[in-house]
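# Residue-level structure breakdown
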Amino acid sequence: MTSRLLAYRPELEMPPPGGSRASALLQQDGLVLAARLLEVAGPRQFDAFLSQMLAGNTWQRPLRQLLGVLIAPLLPLHGSGQQRAARIFGLELEGLSPEDREFALARHVVDLIAAVAAALAQSSGSLQAPGEQVETALLQVARKLAPGLLGQLAARGQKSLQQGRWRREGGHLVVLDC
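Let me sum up the structure you'll find in this document. Note that the structure is predicted; figures quoted are calculated from it, not measured.

What counts, and where the lines are drawn
Residues numbered from 1 in each chain as written. Predicted model: local features only at pLDDT ≥ 70, side-chain atom pairs only at ≥ 80, totals over all residues. Heavy atoms only, no water. Helix = DSSP H or I, 4+ residues; strand = E, 2+ residues; numbered from the N terminus. Buried < 20%, exposed > 50% of the residue type's maximum accessible area, 1.4 Å probe, protein only. Contact = heavy atoms within 4.5 Å. Patch = residues over 30% accessible without salt bridge, like charges linked within 9 Å, V, L, I, M, F, W, Y side chains within 5 Å. Areas by Shrake-Rupley, 256 points an atom, 1.4 Å probe, with all protein chains shown as cover. Salt bridge = Lys/Arg side-chain N within 4 Å of Asp/Glu carboxyl O. Arc of directions from axis to C-beta. Phe/Tyr/Trp six-rings, centres within 6.5 Å; stacked < 30°, edge-to-face > 60°. Expected span 1.5 Å × (residues − 1). Core = buried A, V, L, I, M, F, W, Y, C linked by side-chain atoms within 4.5 Å.

Let's shift gears to the overall build of the protein chain. Broken down by element type, the protein chain carries eight helices and two strands. Order of helices (α) and strands (β) in the protein chain, N terminus to C terminus: α-α-α-α-α-α-α-α-β-β. In the protein chain, buried positions account for 29% of the 178 residues. Sequence separation of at least 24 residues holds for 54% of the intrachain contacts in the protein chain that already meet a minimum separation of 6.

Dropping the structure here:
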């Protein structure tokens, strides 16, 4: 044999201990949750799905309310809801079978919910109201995962900007609670 073959030592890509197992479990949980999301047919079932997915989360109620307004109208994830959901997540689904399209969208929805919950867990020391914290976290996550939601979130923000408290001091307006 040649010396090159004897000197060959392939590098094995071994995952770091502990970390990859947890991420593999999270990925498997994500697949299971996506499969459960495919069974959701309406807003009430979506609310129950969110309750189960976000159990024990401090921001469960405002997050369920906001996602119920933004995501629940897309369910079930076939037909016209599928096209709107694909636009929200910026996905091209043309080469996939109908079942694969639905599952890909369900995985993106689950990933979005999990990312928002993780962002909320990281911002636990914020002084914002829970509803505002949820909107801020969803806005940050939507920039990466669901760019199509940005327009809907901006429209929600403009509605809330029309309400508020202010007072006039001389030639200036002082905005309160911002």
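A cluster of nonpolar side chains, namely Trp-166, Leu-173 and Val-175, defines an oily patch on the protein surface of about 340 Å² accessible area. Turning to its location among the elements, Val-175 is positioned in strand β2 (residues 172-176).

Attention shifts here to helix α3 (residues 43-53). Residues spaced three or four apart along an α-helix face the same direction, because each turn holds 3.6 residues. The complete set of buried residues in α3 reads Phe-46, Phe-49, Leu-50 and Met-53. Mapping the buried residues of α3 onto a view down its axis gives an arc of 100°, with all of them on the same face. Away from its buried face, by an angle of more than 90 degrees, α3 presents the exposed residues Arg-44 and Gln-52.

This part covers the packing of aromatic side chains. Applying the stated rule across the entire model yields one aromatic pair. When the centroid spacing of 6.4 Å and the interplanar angle of 20° are considered together, the rings of Phe-46 and Phe-49 count as stacked. Taken together, the residues Phe-46 and Phe-49, both in helix α3 and three residues apart, mark about one turn of the helix.

Under the 1.5 Å per step criterion, the end-to-end length of helix α6 (residues 98-122) is 36 Å for 25 residues, consistent within 8% with the ideal 36 Å. Of all the residues in α6, the buried ones are Leu-105, Ala-106, Val-109, Val-110, Leu-112, Ile-113, Val-116, Ala-117, Ala-119 and Leu-120.

So, about the nonpolar core. In terms of nonpolar packing, the biggest core is built from 42 residues, with Leu-37 and Phe-46 touching the most fellow members. For this core, the secondary-structure elements that each account for two or more residues are α2 (19-38), α3, α4 (60-70), α5 (80-89), α6, α7 (130-145) and α8 (149-161). Among the elements that line this core, the one with the most residues is α6, at 10 residues. Excluding residues that lie within four positions of it along the chain, Phe-46 makes contacts with Leu-37, Val-40, Leu-67, Gly-68, Ile-71, Ala-72, Leu-75 and Ile-113.

Distances and angles like these do not, on their own, reveal function.
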